[in-house]
Amino acid sequence: MGTDDAEITTTPWDVTVEDALGGGRSLPIGQYRTDLTKHTWWWSDEVYGMLGLVPGSVPASAELLASHKHQDDRGRISREVSQCRRTGRPFSFLYRMVDAKGRTRTVTVTGQGRRDGTGQIAEIAGYVVDQSAAQRELLDRDVQRLAASVSAERTIVERAKGVLMAVYGMNEETAADRLVWYSSHAGLRVHDVAARLVEALDGGPGLGGQAEETVDGVLTGLTSSDKRRPRNAQLTRRFG
């Protein structure tokens, strides 16, 4: 094995894993193989690239791979591989590697044991899929959705301030303070109070003669049921 660069024979299980991990977009996918009897490794040029190394510049080895594992993920990797050595069952796990330039990559490693003529597990082979770009893309989309949600909430608050300024003849600062005061006493977010005000006027008299009565009724009747569920609750926890 060692420097042998023959491709790993594709099995139906391999195709399923590769297709599934591709997720409809092109991801860097490398192959690897380790001979458990000779203690030798081989991996494709793509894996060298994920490690930030020139293909073939250094021999593939367990020591080289270990030196690039993120320290927080090493224990889990050892457990997965040890189990595969015993049972040969397929595995798949996500972990982080640190390349030669100090960049952290998130990769999925799949593999399965292969038995020799005696029935002993003599080899582990599989794929390494670089998920870094896909994860960054997902994060960017999440941030964009969060920014859009925050912008929408800010617009509602500005509209509510305008309502208070028009109805009570107060300035912008006083209107903002009034929103904060009512939100604090009702145990609501400022946006919750603002949304309740805007909805009441949009569906009622507008800013006509009955507007003050409507606004008074909303502000004095606020309850916990007026709480709006955040559009991106998970993002709010992550970035809040």
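Bear in mind the structure is a predicted one, so any value in this text is a computation, not a measurement.

Engineer: How should the sheet that holds strand E2 (residues 40–43) be read in this particular structure?
Structural biologist: Neighbouring strands of a sheet are bound in pairs by backbone hydrogen bonds; such pairs are parallel or else antiparallel. Pairing within the open sheet is antiparallel, and its five strands lie in the order E2-E1-E5-E4-E3. Both edges of this open sheet fall to E2 and strand E3 (91–98), since each of them pairs with a single strand only. Adjacent strand axes in the sheet meet at a mean angle of 25°, parallel and antiparallel pairs treated alike. Where E3 meets strand E4 (residues 104–115), eight bridges bridge the pair, whose relative direction is antiparallel. Residue Phe 93 lies in a different strand from E4, and its bridge partner there is Val 109.

Engineer: Help me out: how do you make sense of the nonpolar core in this one?
Structural biologist: General note: in soluble globular proteins, nonpolar side chains tend to be found buried as a group. Residues Tyr 32, Trp 43, Phe 91, Tyr 95, Val 107, Val 109 and Val 128 are the most contacted members of the largest nonpolar core, which totals 22 residues. Residue assignment for this core shows that the elements contributing at least two residues are E2, helix H2 (45–50), helix H3 (62–67), E3, E4 and strand E5 (121–130). With four residues, E3 is the single largest residue contributor to this core. Among the nonpolar cores identified, the runner-up in size contains 21 residues, and Leu 164, Leu 197, Val 215 and Val 218 belong to it.

Engineer: What is the right way to read the pattern of salt bridges from this model?
Structural biologist: One side chain can pair with another of opposite charge once the charged atoms of both are near each other. Within this structure, the stated rule accounts for nine salt bridges. In this structure, Arg 114 and Glu 123 form a salt bridge, with 3.7 Å as the shortest nitrogen-oxygen distance. Taking the relative accessible area as the measure of exposure, Glu 123 reaches 18% and is therefore buried. For the salt bridge of Glu 158 with Lys 161, the shortest nitrogen-to-oxygen distance reads 3.3 Å. Remark: Lys 161 and Glu 158 occur in helix H5 (residues 132–168); sequence separation between them is three residues, near one turn of the helix. Relative accessible area serves as the criterion here: at 40%, Glu 158 is assigned to the partly exposed category. What emerges from the salt-bridge pattern is a single network uniting Asp 99, Arg 103, Arg 105 and Asp 130.

Cut-offs applied
- Residues numbered from 1 in each chain as written.
- Predicted model: local features only at pLDDT ≥ 70, side-chain atom pairs only at ≥ 80, totals over all residues.
- Heavy atoms only, no water.
- Pairing = 2+ DSSP bridges.
- Helix = DSSP H or I, 4+ residues; strand = E, 2+ residues; numbered from the N terminus.
- Axes fitted to C-alpha atoms, helices over the stretch in contact; angles between N-to-C directions.
- Core = buried A, V, L, I, M, F, W, Y, C linked by side-chain atoms within 4.5 Å.
- Buried < 20%, exposed > 50% of the residue type's maximum accessible area, 1.4 Å probe, protein only.
- Salt bridge = Lys/Arg side-chain N within 4 Å of Asp/Glu carboxyl O.

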